Amino acid sequence: DVKVTQSSRYLVKRTGEKVFLECVQDMDHENMFWYRQDPGLGLRLIYFSYDVKMKEKGDIPEGYSVSREKKERFSLILESASTNQTSMYLCASSLGLVLAKNIQYFGAGTRLSVL
Amino acid sequence: KNQVEQSPQSLIILEGKNCTLQCNYTVSPFSNLRWYKQDTGRGPVSLTIMTFSENTKSNGRYTATLDADTKQSSLHITASQLSDSASYICVVSPYNNDMRFGAGTRLTVKP
């Protein structure tokens, strides 16, 4: 079974703090993704990475950065957390391109609250 | 405006009944359409993936249909079970490494 593990299920941070969300996958997948999920909205892509040290901006990259130093690990960084970044964050991975019907596997999510 | 619209937003049915969830999209052209199931507090899990040339795809009691001409898809759940209570998300991929997510339909199955 593919496993995508997010380091924290719940996080509470203060405005202005630097926040790290970690994601690890154990299936040697090329692609990794970070999404945020808000009520009434579909998942929105923040960043994705198709290889080590490679990254591409998604739909809503502002206020976020990412790091992929190793193939299995993809980190999302909030440089200075703000209250509008309170959300559920989901990490996903896939073996190949999603347009080629490759399945995305998701982690359980990190619910972040910024106070 | 979201390119993937799902209806209804929420639905309550009795255990054992069937139901159908709808997905309309404007993404064009597209490479594939997916349905995901997301249990409360969990990440989405893939149910079906269809290309534009596939009209129907089944996964146990779940059957997805696709009409690429009208840009509509549906997910039919047969003989519902309490464990079917979840959000169901429709996702359309254009011809790039991108995915457009619907907001989901929240299904509650009651005993």
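Before reading on, note that the structure itself is shown above.
Please read these numbers as outputs of a predicted model, since none were measured by experiment. (Residues numbered from 1 in each chain as written. Chains lettered and ligands numbered in written order. Predicted model: local features only at pLDDT ≥ 70, side-chain atom pairs only at ≥ 80, totals over all residues. Heavy atoms only, no water.)

Things to note about the interface of chain B and chain A
1) Next: Listed per partner, the contact involves 26 residues of chain B and 22 residues of chain A.
2) Next: Taken together, both faces of the contact between chain B and chain A bury some 1800 Å²; the carbon and sulfur share is 54%.
3) Next: Remark: the boundary between chain B and chain A carries 1 salt bridge.
4) Next: Note that A:Asp59 is salt-bridged to B:Arg100, the shortest N-O span being 3.2 Å.
5) Next: Broken down by secondary-structure element, the contributors of at least two residues to the side of chain B that touches chain A are strand S4 (30-38), strand S5 (45-51), strand S9 (86-94) and strand S10 (100-101) of chain B.
6) Next: Ranked by residue count, the leading element in the side of chain B that touches chain A is S4(B), at 5 residues. (Contact = heavy atoms within 4.5 Å. Buried area = accessible area lost by both parts, 1.4 Å probe. Salt bridge = Lys/Arg side-chain N within 4 Å of Asp/Glu carboxyl O. Helix = DSSP H or I, 4+ residues; strand = E, 2+ residues; numbered from the N terminus.)

Structural notes on the side chain of B:Thr48
1) Next: In this structure, B:Thr48 sits in strand S5.
2) Next: Setting aside anything within four residues of it in sequence, one finds B:Thr48 in contact with B:Leu33, B:Arg34, B:Trp35, B:Lys57, B:Asn59 and B:Ala64.

A look at the pattern of salt bridges
Two side chains with opposite charge may pair up if their charged atoms get near one another.
Residues and elements named next belong to chain A.
1) Next: All told, the structure shown has 11 salt bridges over all chains when counted by the stated rule.
2) Next: Here Asp28 ties to Lys71 by a salt bridge, and the two come within 3.2 Å at their closest N and O atoms. In this pair, Asp28 sits in the loop between strand S3 (19-25) and strand S4 (31-37) while Lys71 sits in the loop between strand S7 (64-70) and strand S8 (73-78), placing the two residues 43 residues apart along the sequence.
3) Next: Among the residues examined, Lys71 registers a relative accessible area of 21% and is labelled partly exposed. (Buried < 20%, exposed > 50% of the residue type's maximum accessible area, 1.4 Å probe, protein only.)

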